[in-house]
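Structural features, examined
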Amino acid sequence: MHEELMALALACGADKAAVIRGEDVVLSASFRDICRGNGCGMYGRCWMCPPDIGEIGELMARVRTCRHGLLYQTIHPIEDSYDFEGMMEAGKKHAQVSQRLNDAVKPRLEACLHLSCGGCRLCERCARQDGEPCRMPDKALPSMEGYGIDVYQTTRPTALKYINGQNTVTYFGIVLF
Ligand code: SF4
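The model shown is predicted, which means the values in this text are computed figures rather than measured ones.

**Comments concerning the site of the ligand**
Around the ligand, the structure places 13 residues, and the nearest of them are Trp47, Cys120, Cys123, Cys126 and Cys134. Taken together, the residues that form the shell around the ligand break down as 11 nonpolar, no polar and two charged.

**Overview of the nonpolar core**
Judged by nonpolar contacts, the single largest core of 39 residues is most densely connected at Ala9, Leu70 and Ile174. For this core, the secondary structure elements donating two or more residues are α1 (2-11), α2 (30-37), α3 (56-64), β2 (68-77), α4 (84-105) and β4 (168-176). A per-element tally of this core places β4 first, with six residues. The contacts of Ala9, once residues within four sequence positions are left out, are Ala14, Ala17, Leu70, Tyr72 and Leu101.

**Digging into the environment of Ser116**
In this structure, Ser116 sits in the loop between β3 (113-115) and α5 (151-155). A C-alpha to C-alpha distance of 8.9 Å links Ser116 and Glu145, two positions 29 residues apart in sequence. Filtering out sequence-adjacent residues up to four positions away, Ser116 remains in contact with Ala95, Ser98, Leu141, Ser143 and Gly173.

**Structural notes on the pairing of β2**
Counting buried positions along β2 gives seven out of 10 residues, so the element sits mostly inside the fold. With six bridges joining them, strand β1 (residues 16-21) and β2 adopt antiparallel strand pairing. Each residue of the ladder has a partner; that of Ile20, found in β2, is Gly69. Sheet topology note: the β2/β4 ladder contains nine bridges and is antiparallel. Along β4, the bridge assignment pairs Gln73 with Phe172.

Conventions we followed
Residues numbered from 1 in each chain as written. Predicted model: local features only at pLDDT ≥ 70, side-chain atom pairs only at ≥ 80, totals over all residues. Near = placed C-beta within 6 Å. Nonpolar A, V, L, I, M, F, W, Y, C, P; charged D, E, K, R; others polar. Core = buried A, V, L, I, M, F, W, Y, C linked by C-beta atoms within 7 Å. Buried ≥ 20, exposed ≤ 12 C-beta atoms within 10 Å, placed from the backbone. Helix = DSSP H or I, 4+ residues; strand = E, 2+ residues; numbered from the N terminus. Contact = placed C-beta atoms within 7 Å. Pairing = 2+ DSSP bridges.

The structure is reproduced here in structure tokens:
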């Protein structure tokens, strides 16, 4: 089953995937402070990001109920480390991979929790910024960091590298089950 899930992630467009134990997902409540610092500009501006996704202790506890995680990544070329447009475009492509994978795993893993990269990215402008309800609540995926996942520490023992060379940007997602 684990091999099948990894193959599914690759078929949906991920560059690498691994199934890890739920207990090996590294969590830290300090990520809420990092989100609050708003380095990405999405704090309070996306329904799938803090503070709207919920209290971090409860979200971390939910992660801890999962026995396994299908961790996946997408790697994208960018012009240089200032290529903000390229990073945004890459984020949208990652969100599309996450959506394909979501559709593929749902029939297999009914009670899974799928987290992806921050900012949702399904709409050009999140409805949160206009005080309107989420336009696609069945599709929108919360961010890993929003749930307190330390992506760097979680990937360290795996074959999925956090950084994949000069002029690339890497995004992650995880399906917890
Ligand atoms: S689907 Fe659209 S409205 Fe809903 S969280 Fe994502 S970007 Fe925001």
